[in-house]
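The residues making up each chain are set out below.
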Amino acid sequence: MIRVQIIDDDYWCAEAIKAMMMDVSAEFDFEYSAMPEQINGCDIYIVDNEFGTGDYAEQLVQQVRSANPEAMIMVCSGTMSRVRYKQLINAGCDVAIEKGSAVDRDVMMVAIARYVLASRSRKRRVGFWRALDDIRTVLNTWNKRFEIAESRSA
(Lines give C-alpha, C1' and ligand atoms only; values in the text may rest on other atoms or scores of the structure.)
Protein backbone atom coordinates (compact mmCIF):
# COMPACT_ATOMS: atom_id res chain seq x y z
CA MET A 1 0.00 0.00 0.00
CA ILE A 2 1.38 3.40 -1.02
CA ARG A 3 0.71 6.07 1.62
CA VAL A 4 -0.08 9.50 0.18
CA GLN A 5 -0.48 12.69 2.20
CA ILE A 6 -2.25 15.55 0.42
CA ILE A 7 -1.53 18.89 2.09
CA ASP A 8 -3.86 21.51 0.65
CA ASP A 9 -6.10 24.20 2.15
CA ASP A 10 -8.76 23.43 -0.49
CA TYR A 11 -10.52 20.22 0.54
CA TRP A 12 -12.23 19.79 -2.85
CA CYS A 13 -8.95 20.14 -4.73
CA ALA A 14 -7.48 17.44 -2.48
CA GLU A 15 -10.50 15.23 -3.21
CA ALA A 16 -10.02 15.76 -6.97
CA ILE A 17 -6.36 14.70 -6.71
CA LYS A 18 -7.39 11.68 -4.66
CA ALA A 19 -10.08 10.67 -7.20
CA MET A 20 -7.64 11.02 -10.09
CA MET A 21 -5.09 8.81 -8.34
CA MET A 22 -7.71 6.22 -7.39
CA ASP A 23 -8.68 5.95 -11.07
CA VAL A 24 -5.14 4.79 -11.77
CA SER A 25 -4.67 2.40 -8.86
CA ALA A 26 -6.53 1.22 -5.79
CA GLU A 27 -3.30 0.65 -3.86
CA PHE A 28 -3.11 4.21 -2.51
CA ASP A 29 -3.94 5.00 1.11
CA PHE A 30 -4.67 8.72 1.55
CA GLU A 31 -4.33 11.23 4.35
CA TYR A 32 -5.53 14.80 4.03
CA SER A 33 -4.35 17.83 6.00
CA ALA A 34 -5.23 21.47 5.54
CA MET A 35 -2.20 22.55 7.58
CA PRO A 36 -0.16 19.62 8.88
CA GLU A 37 0.96 19.64 12.46
CA GLN A 38 3.18 16.62 11.92
CA ILE A 39 4.72 14.98 8.90
CA ASN A 40 3.74 11.32 8.87
CA GLY A 41 5.91 8.61 7.33
CA CYS A 42 4.17 8.61 3.96
CA ASP A 43 5.61 7.56 0.60
CA ILE A 44 4.26 10.47 -1.47
CA TYR A 45 3.47 14.03 -0.40
CA ILE A 46 1.40 16.35 -2.58
CA VAL A 47 1.76 19.90 -1.26
CA ASP A 48 -0.23 22.98 -2.27
CA ASN A 49 2.09 25.87 -3.09
CA GLU A 50 -0.35 28.61 -2.19
CA PHE A 51 -1.52 28.40 1.38
CA GLY A 52 -0.28 30.30 4.37
CA THR A 53 2.51 32.61 3.34
CA GLY A 54 4.30 32.09 0.05
CA ASP A 55 7.30 30.55 1.79
CA TYR A 56 5.30 27.98 3.73
CA ALA A 57 5.43 25.39 0.94
CA GLU A 58 9.22 25.64 0.82
CA GLN A 59 9.47 25.24 4.59
CA LEU A 60 7.09 22.30 4.49
CA VAL A 61 9.03 20.62 1.67
CA GLN A 62 12.23 20.99 3.72
CA GLN A 63 10.55 19.45 6.77
CA VAL A 64 9.16 16.55 4.76
CA ARG A 65 12.48 15.90 3.02
CA SER A 66 14.45 15.88 6.27
CA ALA A 67 11.92 13.57 7.95
CA ASN A 68 11.39 11.32 4.90
CA PRO A 69 14.46 11.31 2.64
CA GLU A 70 13.09 8.55 0.37
CA ALA A 71 9.64 10.12 -0.10
CA MET A 72 8.40 11.71 -3.30
CA ILE A 73 7.40 15.34 -2.82
CA MET A 74 5.20 17.02 -5.40
CA VAL A 75 4.14 20.68 -5.26
CA CYS A 76 0.88 21.70 -6.95
CA SER A 77 -0.12 25.23 -7.82
CA GLY A 78 -3.12 26.90 -9.40
CA THR A 79 -0.93 29.72 -10.66
CA MET A 80 2.48 28.62 -11.83
CA SER A 81 3.69 32.22 -12.02
CA ARG A 82 3.92 32.17 -8.21
CA VAL A 83 5.96 28.99 -8.03
CA ARG A 84 9.58 29.57 -7.11
CA TYR A 85 11.05 26.48 -8.76
CA LYS A 86 14.64 26.97 -7.70
CA GLN A 87 13.74 27.37 -4.03
CA LEU A 88 11.37 24.40 -4.10
CA ILE A 89 13.89 22.12 -5.82
CA ASN A 90 16.59 23.22 -3.37
CA ALA A 91 14.19 22.48 -0.51
CA GLY A 92 13.74 18.90 -1.78
CA CYS A 93 10.75 19.01 -4.13
CA ASP A 94 10.78 16.34 -6.86
CA VAL A 95 8.05 17.69 -9.16
CA ALA A 96 6.07 20.95 -9.47
CA ILE A 97 2.85 20.90 -11.48
CA GLU A 98 -0.12 23.13 -12.29
CA LYS A 99 -3.37 21.84 -10.81
CA GLY A 100 -5.68 22.65 -13.71
CA SER A 101 -3.41 21.49 -16.52
CA ALA A 102 -4.24 18.21 -18.26
CA VAL A 103 -0.60 17.90 -19.36
CA ASP A 104 0.62 18.38 -15.80
CA ARG A 105 -1.88 15.81 -14.50
CA ASP A 106 -0.28 13.33 -16.90
CA VAL A 107 3.19 14.41 -15.71
CA MET A 108 2.01 13.85 -12.12
CA MET A 109 0.75 10.34 -12.83
CA VAL A 110 3.91 9.37 -14.76
CA ALA A 111 6.10 10.68 -11.93
CA ILE A 112 4.07 8.77 -9.34
CA ALA A 113 4.17 5.57 -11.43
CA ARG A 114 7.97 5.85 -11.76
CA TYR A 115 8.33 6.47 -8.04
CA VAL A 116 6.16 3.45 -7.17
CA LEU A 117 8.14 1.18 -9.52
CA ALA A 118 11.48 2.42 -8.16
CA SER A 119 10.21 2.02 -4.60
CA ARG A 120 9.14 -1.57 -5.22
CA SER A 121 12.49 -2.35 -6.82
CA ARG A 122 14.31 -0.81 -3.85
CA LYS A 123 12.19 -2.84 -1.41
CA ARG A 124 12.89 -6.06 -3.34
CA ARG A 125 16.63 -5.39 -3.22
CA VAL A 126 16.46 -4.68 0.50
CA GLY A 127 14.37 -7.82 0.98
CA PHE A 128 16.89 -9.91 -0.96
CA TRP A 129 19.86 -8.65 1.07
CA ARG A 130 17.95 -9.06 4.33
CA ALA A 131 17.13 -12.67 3.38
CA LEU A 132 20.77 -13.28 2.48
CA ASP A 133 21.85 -11.93 5.87
CA ASP A 134 19.34 -14.25 7.56
CA ILE A 135 20.79 -17.24 5.66
CA ARG A 136 24.32 -16.22 6.65
CA THR A 137 23.26 -15.99 10.30
CA VAL A 138 21.73 -19.47 10.20
CA LEU A 139 24.80 -20.94 8.51
CA ASN A 140 27.17 -19.27 10.99
CA THR A 141 25.09 -20.58 13.89
CA TRP A 142 25.18 -24.14 12.51
CA ASN A 143 28.91 -23.90 11.80
CA LYS A 144 29.54 -22.88 15.41
CA ARG A 145 27.42 -25.80 16.64
CA PHE A 146 29.40 -28.24 14.46
CA GLU A 147 32.70 -26.79 15.70
CA ILE A 148 31.56 -27.23 19.32
CA ALA A 149 30.35 -30.80 18.63
CA GLU A 150 33.63 -31.70 16.89
CA SER A 151 35.73 -30.28 19.70
CA ARG A 152 33.75 -32.31 22.26
CA SER A 153 34.13 -35.54 20.30
CA ALA A 154 37.87 -35.09 19.79
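Our subject in this report is the structure included herewith.

Procedures and definitions
- Residues numbered from 1 in each chain as written.
- Predicted model: local features only at pLDDT ≥ 70, side-chain atom pairs only at ≥ 80, totals over all residues.
- Heavy atoms only, no water.
- Disulfide = S-S within 2.5 Å.
- Patch = residues over 30% accessible without salt bridge, like charges linked within 9 Å, V, L, I, M, F, W, Y side chains within 5 Å.
- Areas by Shrake-Rupley, 256 points an atom, 1.4 Å probe, with all protein chains shown as cover.
- Salt bridge = Lys/Arg side-chain N within 4 Å of Asp/Glu carboxyl O.
- Helix = DSSP H or I, 4+ residues; strand = E, 2+ residues; numbered from the N terminus.
- Buried < 20%, exposed > 50% of the residue type's maximum accessible area, 1.4 Å probe, protein only.
- Expected span 1.5 Å × (residues − 1).
- Arc of directions from axis to C-beta.
- Polar contact = N/O pair within 3.5 Å; in protein donor to acceptor, adjacent residues only side chain to side chain.
- Pairing = 2+ DSSP bridges.
- Axes fitted to C-alpha atoms, helices over the stretch in contact; angles between N-to-C directions.

1. Looking at the state of the cysteines
What is meant by a disulfide is a covalent connection between two cysteines, made through their sulfur atoms.
Here comes step 1: All told, the structure shown has 0 disulfides when counted by the stated rule.
Here comes step 2: With no disulfide of its own, Cys13 has Cys76 as its nearest cysteine by sulfur position, at a separation of 6.8 Å.
Here comes step 3: Free of any disulfide, Cys93 has its nearest cysteine sulfur in Cys76, 9.0 Å distant.

2. Description of a nonpolar patch on the surface
Here comes step 1: Together, Tyr11, Trp12 and Tyr32 make up a nonpolar patch on the protein surface, roughly 370 Å² of accessible area in all.
Here comes step 2: With respect to the helices and strands, the residue Tyr32 is situated in strand S2 (residues 28-33).

3. Comments concerning the pattern of salt bridges
Here comes step 1: Counted according to the given criterion, the structure contains 1 salt bridge.
Here comes step 2: When the shortest N-O distance is used, the salt bridge between Asp94 and Arg65 registers 3.0 Å. Taken together, the residues Asp94 in the loop between helix H3 (85-91) and strand S5 (95-98) and Arg65 in helix H2 (residues 56-67) connect sequence positions 29 residues apart.
Here comes step 3: Overall, the relative accessible area of 41% leaves Asp94 in the partly exposed class.

4. Some words on helix H1 (residues 11-24)
Here comes step 1: An ideal rise of 1.5 Å per residue puts 20 Å on 14 residues; H1 measures up with 20 Å between its terminal C-alpha atoms.
Here comes step 2: Taken as a whole, H1 has its buried residues at Cys13, Ala14, Ile17, Met20 and Met21. Projected down its long axis, H1 shows its buried positions confined to an angular sector of 125°, all on one face. In H1, the exposed positions that point more than 90 degrees away from the buried face belong to Trp12 and Asp23.
Here comes step 3: By the N-cap criterion, in which a side-chain oxygen at the helix start approaches the backbone nitrogen of a residue two or three places on, H1 is capped by Asp10, the distance to Trp12 being 3.1 Å.

5. Observations regarding the sheet that holds strand S1 (residues 2-7)
Here comes step 1: Taken in spatial order, the 5 strands of this open sheet run S2-S1-S3-S4-S5, and their pairing is parallel. Each end of this open sheet is capped by a strand with a single partner; those strands are S2 and S5. Recorded for the sheet is a direction-independent mean angle of 20° between the axes of neighbouring strands.
Here comes step 2: The pairing of strand S4 (residues 72-77) with S5 spans 4 bridges and is parallel.

6. Describing H2
Here comes step 1: End to end, H2 covers 16 Å across 12 residues, agreeing with the expected 16 Å (1.5 Å per residue, within 8%).
Here comes step 2: Taken residue by residue, H2 has Tyr56, Ala57, Glu58, Leu60, Val61, Val64 and Arg65 as its buried positions.

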